[in-house]
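The residues making up each chain are set out below.
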Amino acid sequence: MGRLEDLAVHYANAARWELSEALNRIASLDDEGTLHDKDLGRIAYAYQRMSWWQQVTDLTHGSEETVDGGTALLTVRQRAHESLINARPVNNGGLFAQAMAESRRGGARAFLDATEKLAEALALPSDQDARSAGIDIPTTATSESRPS
């Protein structure tokens, strides 16, 4: 298991702990039994964040075909990004439906933010970066036919 896989497990465990802490609020309600909307929001957000990290660890440590940490992170990042882009606005359904949609977006955004630096380190260099580093980039027919 490599460094990225270890980091994914660390982040997944931190997200599980955050969810556990949020759920403990329900388990240990005071005598009044007061549960606030912010408590439910915290649970929903923590669950969504944890689910993205769970997808990464499922890919790296799954019982079926596993992939390396870089591939898993980039795959799940793409899913999270697509979920943000393709999220349908919630116009009907009341405040609860809107709050859950916001939790899904927040969890995806938190996952993307947490993995941004990791993804940048894994990304292939752009043409400009590669040329400045002295890496030969194969030219295409269109780039060869352009006048200088």
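Scroll up for the structure.
Here the structure is a predicted model, which is why all the values come from computation and not from measurement.

Let us look at the packing of helix 2 (residues 37-61) against helix 3 (residues 69-85). Helix-helix packing is characterised by the crossing angle of the two axes and by the distance between the axes. The N-to-C vectors of helix 2 and helix 3 enclose an angle of 145°; their axes lie 9 Å apart at closest approach. Considering the relative orientation of helix 2 and helix 3, their crossing is right-handed. Contact with helix 2, carried on its side by Trp52, Trp53, Gln55, Val56, Leu59 and Thr60, involves Gly69, Ala72, Leu73, Thr75, Val76, Arg79, Ala80 and Ser83 of helix 3 and no other residues of that element. Residue composition of the contact of helix 2 with helix 3, by class: eight nonpolar, five polar and one charged.

Our focus in this paragraph is the pattern of salt bridges. For the structure on display, the rule yields three salt bridges. Between Glu18 and Arg49 there is a salt bridge whose closest N-O contact spans 2.3 Å. Note that Glu18 is positioned in helix 1 (residues 3-27) and Arg49 in helix 2, a separation of 31 residues in sequence. Taking the shortest distance from any N to any O, the salt bridge between Asp113 and Arg109 comes out at 3.0 Å. One end of the pair, Asp113, and the other, Arg109, are both in helix 4 (residues 94-122), four residues apart, so they sit about a helical turn from each other.

This part takes up the environment of Phe111. Mapped onto the fold, Phe111 is located in helix 4. Along the sequence, Phe111 and Val76 sit 35 residues apart, while their C-alpha atoms lie 9.2 Å from each other. With residues up to four places along the chain from it excluded, the contact list for Phe111 reads Trp52, Trp53, Val56, Val76, Arg77 and Ala80.

Below, the discussion takes up the packing of aromatic side chains. Using the criterion set out here, one finds three aromatic pairs in the structure. Relative to Trp53, the ring of Tyr11 has its centre 4.7 Å away and its plane inclined at 10°; by these criteria the two rings are stacked. With Tyr11 in helix 1 and Trp53 in helix 2, the pair connects residues that are 42 residues apart, well separated along the chain. Taking relative accessible area as the criterion, Tyr11 reaches 27% and is therefore assigned partly exposed. Ring geometry for Trp52 versus Phe111: centroids 6.1 Å apart, planes at 25°, classification stacked. Residue Trp52 is found in helix 2, and its partner Phe111 is found in helix 4; the two are separated by 59 residues along the sequence. Among the residues examined, Trp52 registers a relative accessible area of 9% and is labelled buried. For Phe111, a relative accessible area of 0% gives the class buried. One aromatic cluster is present, formed by Tyr11, Trp52, Trp53 and Phe111 through successive ring pairs.

What counts, and at which threshold
- Throughout, a residue's number is its position along its own chain's written sequence, starting from 1.
- Totals for whole chains, interfaces and linings use every residue, but because this is a predicted model, local features are given only for residues with pLDDT of at least 70 and side-chain atom pairs only at 80 or more, for both listing and counting.
- Think of the side-chain values as coming from all heavy atoms in the structure, minus any hydrogens and water.
- Helix axes are fitted only over the stretch in contact, all axes being lines through C-alpha atoms; the angle between N-to-C directions runs from 0 to 180 degrees.
- By definition, any uninterrupted DSSP run of H or I lasting at least four residues is a helix, any uninterrupted run of E lasting at least two residues is a strand, and each is numbered from the N terminus.
- Working rule for handedness: look at the near helix, and if it is turned counterclockwise from the far one by less than a right angle, call the crossing left-handed; if clockwise, right-handed.
- The contact rule is simple, with two residues in contact once any of their heavy atoms fall within 4.5 Å.
- Polar here means any residue other than Ala, Val, Leu, Ile, Met, Phe, Trp, Tyr, Cys and Pro, which are nonpolar, and Asp, Glu, Lys and Arg, which are charged; Gly is therefore polar.
- Just to be clear on terms, a salt bridge is a Lys or Arg side-chain nitrogen sitting within 4 Å of an Asp or Glu carboxyl oxygen.
- Ring pairs are drawn from Phe, Tyr and Trp, using the six-membered ring of Trp, whenever the two centres fall within 6.5 Å, and their geometry is named by plane angle: stacked under 30 degrees, edge-to-face over 60, tilted for the rest.
- Buried means the residue's accessible area, taken with a 1.4 Å probe over protein chains only, is under 20% of the maximum for its type, while exposed means over 50%, and partly exposed covers the values in between.

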